[in-house]
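Survey of secondary and tertiary structure
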Amino acid sequence: DGGITQSPKYLFRKEGQNVTLSCEQNLNHDAMYWYRQDPGQGLRLIYYSQIVNDFQKGDIAEGYSVSREKKESFPLTVTSAQKNPTAFYLCASSPTTENTEAFFGQGTRLTVV
Amino acid sequence: DAKTTQPPSMDCAEGRAANLPCNHSTISGNEYVYWYRQIHSQGPQYIIHGLKNNETNEMASLIITEDRKSSTLILPHATLRDTAVYYCIVRALNQAGTALIFGKGTTLSVSS
């Protein structure tokens, strides 16, 4: 089936460790996005990528890094520099950034202890 | 992106129409109104979008006022599965190099 897959659904890490969240899509979309959601809040944009080997910072990029080596994949690394990493992370894709009918994954809930 | 204002929460009885308002008084002429919803602990789901004409699809109807400063998402016969957070977003269609910006949305609670 076509879609966007995030893994794992739940992730636990110790404070001070880097962790990488996976996001894969087989929709042949050029654009991909990472959002963070805290309890009772809306989604906040971390990074987005318009095309392979290109990405831009969103509103809250500090403490995060991304790569876009393949069209299908847009992994997000939460580094030890991120002060409050515990959150729900959502990945999305759209055909292009002009097209705002975005498709979202089911999210990864990261807990740092 | 133009700012939108939505009520934080609304209630609706099952089987009745749910009317979710959104104010976007600073919307530009080339900006569309988009609606997404997010069921608890899942990714947001696209519902509908429109520019100035009313739109309808299998999920909902979108009514945009003539001055385009506000809109209403209508779920004609709400069910318990429609309980979710609903986000109203305004954005230009051909706005390259940017991403959807979400606010806090409206939490719709449908009860039996």
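Residues numbered from 1 in each chain as written. Chains lettered and ligands numbered in written order. Predicted model: local features only at pLDDT ≥ 70, side-chain atom pairs only at ≥ 80, totals over all residues. Heavy atoms only, no water.

1. Re unusual backbone geometry
For the record, the criterion: Only DSSP runs of H or I covering at least 4 residues are called helices, and only runs of E covering at least 2 are called strands; the numbering of each starts at the N terminus. Accessible area is worked out with a 1.4 Å probe on protein chains only. A residue is then buried under 20% of its type maximum, exposed over 50%, and partly exposed in between.
The step from S7 of chain A to P8 of chain A runs through a cis peptide bond, and the omega angle for that step is -10°. Tracing the backbone shows P8 of chain A in the loop between β1 (4-7) and β2 (10-13). A positive phi angle is found at N28 of chain A, which is not glycine, with a value near 60°. Residue position: N28 of chain A is located in the loop between β3 (19-25) and β4 (31-37). Given the relative accessible area of 58%, N28 of chain A is considered exposed. In this structure, S41 of chain B takes a positive phi of about 65° despite not being glycine. Positionally, S41 of chain B belongs in the loop between β3 (31-38) and β4 (45-50).

2. Some points on the state of the cysteines
Keep this limit in mind: The disulfide definition used here is simple: a pair of cysteine sulfur atoms within 2.5 Å.
Throughout the structure, instances matching the rule amount to 2 disulfides over all chains. With a sulfur-sulfur separation of 1.9 Å, C23 of chain A is cross-linked through a disulfide to C91 of chain A. Disulfide C23 of chain A-C91 of chain A: the torsion about the S-S bond is -75°, which places it as left-handed. Taken together, the residues span a long stretch of sequence, with C23 of chain A in strand β3 and C91 of chain A in strand β9 (residues 87-94) at a distance of 68 residues. By relative accessible area, C91 of chain A is classed as buried at 0%. With its sulfur 2.1 Å from that of its partner, C22 of chain B forms a disulfide with C88 of chain B. With the S-S dihedral at roughly -80°, the linkage between C22 of chain B and C88 of chain B falls on the left-handed side. Taken together, the residues span a long stretch of sequence, with C22 of chain B in strand β2 (residues 18-23) and C88 of chain B in strand β8 (residues 84-92) at a distance of 66 residues. Each of the two residues, C22 of chain B as well as C88 of chain B, counts as buried. Unpaired in this structure, C12 of chain B has its nearest cysteine sulfur neighbour in C22 of chain B, at a distance of 18 Å.

3. Describing the side chain of S73 of chain A
Residues and elements named next belong to chain A. So the rule is basically this: Two N or O atoms count as a polar contact when they lie within 3.5 Å, although within protein this holds only if one can serve as hydrogen donor and the other as acceptor, and sequence-adjacent residues are included solely when both atoms are side-chain atoms. Only heavy atoms matter for contacts: two residues are in contact if any of them lie within 4.5 Å across the pair.
Residue placement: S73 occurs in the loop between β7 (64-66) and β8 (76-78). In terms of polar contacts, S73 uses its side chain to reach the side chain of E24, at 3.0 Å. In contact with S73, other than residues within four places in its own chain, are C23, E24, M32, S67 and R68.

4. Quick look at the sheet that holds β1 of chain A
All names here are of chain A. Keep this limit in mind: Any two strands with at least two DSSP bridges between them are considered paired. Think of each axis as a best-fit line through the C-alpha atoms, taken over the contacting stretch in the case of a helix, with angles from 0 to 180 degrees between the N-to-C directions.
The 4 strands lie next to each other as β1-β3-β8-β7, forming an open sheet whose pairing is antiparallel. Looking at the sheet topology across the chains shown, the edges are occupied by β1 and β7. Ignoring which end each strand starts from, the neighbouring axes of this sheet average 20° apart. With 3 bridges joining them, β7 and β8 adopt antiparallel strand pairing. Residue Y64 lies in a different strand from β8, and its bridge partner there is V78.

5. Some points on the pattern of salt bridges
If the charged atoms of two oppositely charged side chains come close together, the side chains can form a pair. Residues and elements named next belong to chain A. For the record, the criterion: In the sections that follow, a salt bridge refers to a side-chain nitrogen of Lys or Arg positioned within 4 Å of a carboxyl oxygen of Asp or Glu.
One pass over the full model with this rule turns up 4 salt bridges over all chains. Residue K71 pairs with D30 through a salt bridge whose shortest N-O separation is 3.4 Å. Taken together, the residues K71 in the loop between β7 and β8 and D30 in the loop between β3 and β4 connect sequence positions 41 residues apart. Assessed through its relative accessible area of 24%, K71 is described here as partly exposed. Taking relative accessible area as the criterion, D30 reaches 26% and is therefore assigned partly exposed. The partner of R44 in a salt bridge is D38, with the nearest N and O atoms 2.8 Å apart. Linked through salt bridges whose partners overlap, the residues forming this network are R36, D38 and R44.

What is shown is where atoms sit, not what they do.
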